[in-house]
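# Architecture at a glance
Spelled out, the chains give:
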Amino acid sequence: MLKAYKYRIYPNKEQQIQITKTFGCCRFVYNQILSYRKNQYETEKKSMNKTSCNNYCNQVLKPQYEWLKEVDKFALTNAIYDLDSAYQKFFREHSGYPKFKSRHNHRKSYTTNFTNNNIAVSKSSIKLPKLRQVKAKIHRKFTGLIKSATVSQTPSGKYFVSVLVEIEHIALPRKNKSVGLDLGIKDLLITSDSKKYKNPKTLRKYEKKLAKAQRELAHKQKLSRNREKQRIIVARLHEKITNIRKDYLHKISHEIISENQVIVSENLQIGNMMKNHNLAKSIADVSWYELTRQLEYKALWNERQYIKVDTFFASSQLCSCCGYKNPKTKDLSVREWICPKCSTNHDRDINAAKNILAEGLRQIA
């Protein structure tokens, strides 16, 4: 199995200059190849593959621009491969046509490949091509074959390296338990075992602080040093909100995967739900997609079954005891209701989670 281990790195001034050069060269090569491919198709109706693009870079761009030889060659090759992947995605999935990269984008990265022990992790540093030993915080150890390393810089100015490793993964022990999950806004997650995970509302907590920082940024003079300082303050706030949210979601997903063998949840159309402007901010803050994404890959790693029931399954309207359908529960303000048929008192969310679990088990059977 391929796994990535992400570490924070602390490059010195010289190393920072080299990393910045590599970011710039990768962006330049990406844009030049995109322009060349576009021109070739428009004038001669020729399509190019990644090999011919790489040859164009080595035979035309590098002799013309000598400074391209100062950076890691694998970084430039991977930039070309990334462009080719963007083209393949455009043709297969009909996503947007590849765009030119801007120097004003503050999220930067490049990928280098492992060869002749050019990447190595020690107790307090990481060896990288063209950078040599870079000071790092090694908080997790691994044993396996290193495949590649991706150096990145966040908008707040922090540097990270993500080391891709081929390792043997040991799955968690099997469990004889199943759970249904109902995703919500008042409570982030409600299980069929009547357990409720509270919604931390991270964005709401920092909303006023973020608004104030963004107002101050808007009043700064463009291209000034003070504007750049304020931009970093805003970026750090966004980063803090993201980190708090992701940390909480990882803890929840790990707990659910550790305790259950079969996990069933809703397949929500989040994009359509975001069109409701009264709930859009709350839906974005709660990060349902990120939670389901984590459950999906952790279930795959640990030999669990993760099932998503149909979007139009009426989980909130059905009685989990007798199956009676109550159309009145379509109203979101109805939090509790009594079944007219079997007189069972239902909590809306727990009842929905039980119905989701029953539907998932029915699909397995």
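Above this note sits the structure.
Right, let's walk through the structure included here. What you are looking at is a predicted structure, and each value in this text was computed from that prediction instead of being measured.

## Observations regarding the sheet that holds strand β7 (residues 159-166)
Read from one edge of the open sheet, seven strands run β2-β6-β7-β1-β5-β4-β3, paired in antiparallel fashion. Each edge of the sheet is formed by a strand with only one pairing partner; in this case those strands are β2 (108-113) and β3 (120-121). Pairing geometry for strand β1 (residues 2-10) and strand β5 (residues 132-137), over three bridges, is antiparallel. Looking across to β5, one finds that R8 is bridged to K137.

## With respect to empty space enclosed by the protein
Counted under the stated rule, the structure contains one cavity of 30 Å³ or more. Volume-wise, the largest cavity comes out at about 50 Å³. Around the largest cavity, the lining residues are L188, N199, P200, K201, T202, R245, Y248, L249, D285 and V286. Sorting the residues of the lining of the largest cavity by element identifies α5 (225-259) and α7 (280-286) as the ones contributing at least two each.

## Describing helix α2 (residues 50-64)
Here α2 is 15 residues long and its end C-alpha atoms lie 20 Å apart, about the 21 Å a rise of 1.5 Å per residue gives. Helix geometry: α2 is bent most strongly at C57, by close to 35°. Structurally, α2 contributes buried residues whose contacts are with α1 (13-44) and α3 (73-93). The backbone nitrogen of T51 has a side-chain oxygen 3.2 Å away, supplied by the residue at the start of α2, namely N49.

## A word on the sheet that holds strand β9 (residues 187-191)
With mixed pairing, the five strands of this open sheet are ordered in space as β10-β9-β8-β11-β12. Edge positions in the open sheet fall to β10 (196-198) and β12 (305-309), since each of these has one partner strand only. Across the sheet, the mean angle from the axis of one strand to that of its neighbour is 20°, orientation sign disregarded. Strand direction decides the pairing type here: strand β8 (residues 178-183) and β9, joined by three bridges, are antiparallel. What sits directly across from D182, in β9, is I190.

## Re the pattern of salt bridges
Per the counting criterion, the structure on display carries 17 salt bridges. With a closest N to O distance of 3.5 Å, E166 and K147 form a salt bridge. Remark: K147 occurs in strand β6 (residues 145-153) and E166 occurs in strand β7; sequence separation between them is 19 residues. Residue E239 is joined to K158 by a salt bridge in which the shortest nitrogen-to-oxygen separation is 2.8 Å. Placement of the pair is E239 in helix α5 and K158 in the loop between β6 and β7, with a sequence separation of 81 residues. Residue class for E239 comes out buried when judged on its relative accessible area of 15%.

About the criteria used
Residues numbered from 1 in each chain as written. Predicted model: local features only at pLDDT ≥ 70, side-chain atom pairs only at ≥ 80, totals over all residues. Heavy atoms only, no water. Pairing = 2+ DSSP bridges. Helix = DSSP H or I, 4+ residues; strand = E, 2+ residues; numbered from the N terminus. 1 Å grid on protein atoms, 1.4 Å probe; cavity = no way out; pocket = protein on both sides within 12 Å on 5 of 7 lines; lining within 4 Å. Points joined across faces, edges and corners; volume = space filled by probe spheres on them. Expected span 1.5 Å × (residues − 1). Bend = angle between axes of the 7 residues up to and from the residue. Contact = heavy atoms within 4.5 Å. Polar contact = N/O pair within 3.5 Å; in protein donor to acceptor, adjacent residues only side chain to side chain. Axes fitted to C-alpha atoms, helices over the stretch in contact; angles between N-to-C directions. Salt bridge = Lys/Arg side-chain N within 4 Å of Asp/Glu carboxyl O. Buried < 20%, exposed > 50% of the residue type's maximum accessible area, 1.4 Å probe, protein only.

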